[in-house]
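Residue-level structural notes
The chain contents come next:
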Amino acid sequence: MTSVITGDIIGSRQQKSEHWVEDLKKILAPFGSTPSQWEVYRGDEFQIEVSNPEQALLAAILIKARLRAIKSDARMSIGFGDKTHNAERISESNGSAFIHSGELFETLKKQKVTLALRTGDTNFDEKLNLMLQLALTFMDSWLVQSAEFVAIAIENPDLSQEEIGQKLGINQAAVSRRQKRAQFELILNLDQYFRTQIKQLLAL
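Here goes a summary of the coordinates provided. This structure is a prediction, so every number in the text was calculated from the model and none was measured.

Rules and cut-offs
Throughout this description, residue numbers start from 1 for each chain and increase along the sequence as written. Where totals are concerned, whole chains, interfaces and linings use all residues; where local detail is concerned, this predicted model gives features only for residues with pLDDT of at least 70, and gives and counts side-chain atom pairs only at 80 or more. Side-chain calculation: all heavy atoms of the structure are included, whereas hydrogens and water are not. The rule is short: rings of Phe, Tyr and Trp, with Trp giving its six-membered ring, pair when the centres are within 6.5 Å, and they are stacked under 30 degrees, edge-to-face over 60, tilted in between. For helices the rule is a DSSP run of H or I covering at least 4 residues; for strands it is a run of E covering at least 2, with both sets numbered from the N terminus onward. Between buried and exposed lies partly exposed: a residue is buried under 20% and exposed over 50% of the maximum accessible area for its type, with that area taken using a 1.4 Å probe on protein chains only. By nonpolar core we mean a set of buried residues, namely Ala, Val, Leu, Ile, Met, Phe, Trp, Tyr and Cys, connected to one another through side-chain atoms within 4.5 Å. What makes two strands pair is DSSP finding at least two bridges between them. Contacts are assigned to residue pairs with any non-hydrogen atoms lying within 4.5 Å of each other.

With that out of the way, let us pick up the packing of aromatic side chains. Aromatic rings considered in pairs are described by the distance between their centres and by the relative angle of their planes. This model, assessed by the stated rule, comprises 2 aromatic pairs. For the ring pair Phe 80 and Phe 194, a centre distance of 5.9 Å and an interplane angle of 45° mean the geometry is tilted. With Phe 80 in strand β4 (residues 74-81) and Phe 194 in helix α8 (residues 184-203), the pair connects residues that are 114 residues apart, well separated along the chain. Of the two residues, Phe 80 and Phe 194, both sit in the buried class. Here the aromatic rings of Phe 149 and Phe 184 are separated by 5.3 Å at their centres, their planes lie at 80°, and the arrangement is edge-to-face. Remark: Phe 184 occurs in helix α8 and Phe 149 occurs in helix α5 (residues 144-155); sequence separation between them is 35 residues. Here the two residues Phe 149 and Phe 184 agree in accessibility, since each one is buried.

Put into structure tokens, the structure is as follows:
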């Protein structure tokens, strides 16, 4: 069982400069080696395999935060399932995780949502996607400062507010304000709920 994130940069064709491609590659680099574990293709589309499905949602939220911190954003679909063909390029690999991710991705623009998931279990998918849509009401509005905080907090889960403040060059009170503004506690609660639910689903 694995998970696959398929995405594209929103409004990339309207951007005069192409530097966002390099920015995107820097954001994806920690997810492993390219093109076997992640790949940017057709200019503004990307795909990433997150081999531990429990980490997939937080990975997608981290990518969103990193992009919003540079005044960009992405549409992303997360597909869960198996991997039946392991190609040198992730975009050429196959299996139900890839099919779920790819088919769902094609519907995102029409649905007007920037993040959704598909496991193939209708009840699970409906419930989690409704929660995601509610979370997107604030995630889609993160300003640069909130997004920077979210990215650093996800990447450094053991840091205190004071230590995060040192990284951001602000005091602990300012960190606390950013945390509240970003609704970060809700993000962590959603991720925790998702992890317990996906674990139960995979155990069936």
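Once the structure has been displayed, the description carries forward.
Turning our attention to the nonpolar core. The tendency in soluble globular proteins is for nonpolar side chains to be buried as a group. If you look at the biggest cluster of nonpolar residues, it comprises 59 residues, and the most contacted ones within it are Phe 46, Leu 115 and Trp 142. Broken down by element, this core gets its largest block of residues, 10 residues, from helix α2 (residues 56-68).

It is worth spelling out the pairing of strand β1 (residues 2-9) at this point. Of all 8 residues in β1, 8 are buried; the element is thus mostly enclosed. Side-chain alternation along β1 places Thr 2, Val 4, Thr 6 and Asp 8 on one buried face and Ser 3, Ile 5, Gly 7 and Ile 9 on a second face that is also buried. In this structure, β1 lies alongside β4, joined through 8 bridges in antiparallel fashion. Pairing of Ile 9 across the sheet is with Ala 74, part of β4. Sheet topology places β1 next to strand β3 (residues 45-50); 6 bridges connect them, and they run antiparallel. Note on β3: the bridge partner recorded for Ser 3 is Val 50.

Residue position: Ser 160 is located in the loop between α5 and α6 (161-168). Along the sequence, Ser 160 and Leu 186 sit 26 residues apart, while their C-alpha atoms lie 18 Å from each other.

Most of β3 is tucked away, with 6 of its 6 residues classed as buried. Residues Glu 45, Gln 47 and Glu 49 of β3 are buried on one face, and the alternating residues Phe 46, Ile 48 and Val 50, pointing to the opposite face, are buried as well. What sits between strand β2 (residues 38-41) and β3 in their antiparallel hairpin is a turn of 3 residues, with Arg 42 showing a positive phi close to 50°.

Time to look at helix α7 (residues 172-181). Every buried residue of α7 is accounted for by Ala 174, Val 175, Ser 176, Arg 178 and Gln 179. Looking at the packing, one finds that the buried side of α7 touches α5, α6 and α8. The positive-phi residue at the C-terminal boundary of α7 is Gln 183, with phi of around 55°.

Honestly, it's all geometry; don't read function into it.
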